[in-house]
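Descriptive structure summary
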Amino acid sequence: NAGVMQNPRHLVRRRGQEARLRCSPMKGHSHVYWYRQLPEEGLKFMVYLQKENIIDESGMPKERFSAEFPKEGPSILRIQQVVRGDSAAYFCASSLSVPGQMFYGYTFGSGTRLTVV
Amino acid sequence: GEDVEQSLFLSVREGDSSVINCTYTDSSSTYLYWYKQEPGAGLQLLTYIFSNMDMKQDQRLTVLLNKKDKHLSLRIADTQTGDSAIYFCAETIMNSGGYQKVTFGTGTKLQVIP
């Protein structure tokens, strides 16, 4: 039973290019969360998605960033026209959580480390 | 409001106990967690405690929760070099949207000296 799969592990982009980060949740998990970890900083929440729905995008920058979780296929975090400040580790997590029921915590992927040159 | 704070760095000698502290501000937190992040890896759930508990023990790990002071701690007994990692405290709050939102602390980097 594979865990949360993220790819690529490392991604290098030039300023102005687009970055696409993929996340396949654990089998049976329908809740996906994206977090960003800047060097020497903690995890910052970006967005929470369920299949075909964005539930909470309060942590997403207003411009250039978007996320989706289609009915089929992985969740995608897209960053358009990347800048140096976007360099960070981006982590995806999934959960089986159902509102109101016991919450067992997230299962995290190994992350995608984005470097903008 | 939601804000989870941790000290950034802790250094201990191998064999000693480590105590990592965390404070949170939202008294309605339902679950609190400790995650471990090894270099270059994702976060691994170590343990969790429900908000109506004071203590939880799991082998070398002891979690203490003081709800009055909104203080959570993780004690690692007989710390080993393999325990060197960043430890994140996290709280879960049922938000107005009807789902459980997790907020992470800044992480405490534990260095174990042989």
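Structure: above.
**Description of the pairing of strand E6 (residues 53-56) of chain A**
Residue and element names in this part refer to chain A. Examined bridge by bridge, strand E5 (residues 43-50) and E6 share 3 bridges and lie antiparallel to one another. Each residue of the ladder has a partner; that of Leu 49, found in E6, is Ile 54. Taking the residues between adjacent antiparallel strands as the criterion, E5 and E6 are bridged by 2 residues, where Glu 52 takes a positive phi near 65°.

**Some words on the environment of Ser 87 of chain A**
Residue and element names in this part refer to chain A. Position of Ser 87 relative to the elements: it lies in the loop between strand E8 (75-79) and strand E9 (88-95). Among the residues examined, Ser 87 registers a relative accessible area of 21% and is labelled partly exposed. Separated by 48 residues in sequence, Ser 87 and Pro 39 have C-alpha atoms that sit 8.8 Å apart.

**With respect to the sheet that holds strand E7 (residues 65-68) of chain A**
All names here are of chain A. If you walk across this open sheet you meet the 4 strands as E1-E3-E8-E7, and the pairing is antiparallel. Pairing within the sheet leaves two strands with one partner each, and these edge strands are strand E1 (5-7) and E7. Direction aside, the axes of adjacent strands within the sheet are offset by 15° on average. Pairing geometry for E7 and E8, over 4 bridges, is antiparallel. Note on E8: the bridge partner recorded for Ser 66 is Arg 78.

**Quick word on the pairing of strand E11 (residues 112-116) of chain A**
Residues and elements named next belong to chain A. Taken across its 5 residues, E11 has 4 buried, putting it largely inside the fold. Where strand E2 (residues 10-13) and E11 come together, 4 bridges link them in parallel fashion. Pairing of Arg 13 across the sheet is with Val 116, part of E11. Judged from the 3 bridges that link them, E9 and E11 form a sheet pairing that is antiparallel. When the sheet's bridge partners are listed, Tyr 90 is paired in E11 with Thr 112.

Here is what the cut-offs are and how they apply
Within each chain, residues carry numbers counting from 1 in the order of the written sequence. Naming scheme: in the order in which they are written, chains are lettered from A and ligands are numbered from 1. Local features are withheld for residues below a pLDDT of 70 in this predicted model, meaning they are given only at 70 or higher, and side-chain atom pairs are given and counted only at 80 or more; totals for whole chains, interfaces and linings count all residues. Here the side-chain values reflect all heavy atoms present in the structure, with hydrogen atoms and water set aside. Any two strands are treated as partners once DSSP identifies two or more bridges connecting them. To qualify as a helix, a DSSP run of H or I must reach at least 4 residues; to qualify as a strand, a run of E must reach at least 2; elements of each kind are numbered from the N terminus. Note on exposure labels: buried denotes an accessible area under 20% of the residue type's maximum, exposed denotes more than 50%, and partly exposed covers the range between, all computed with a 1.4 Å probe on protein chains only. Helix axes use the C-alpha atoms of the stretch in contact, all axes being lines fitted to C-alpha atoms, and the angles between their N-to-C directions lie in the range 0 to 180 degrees.

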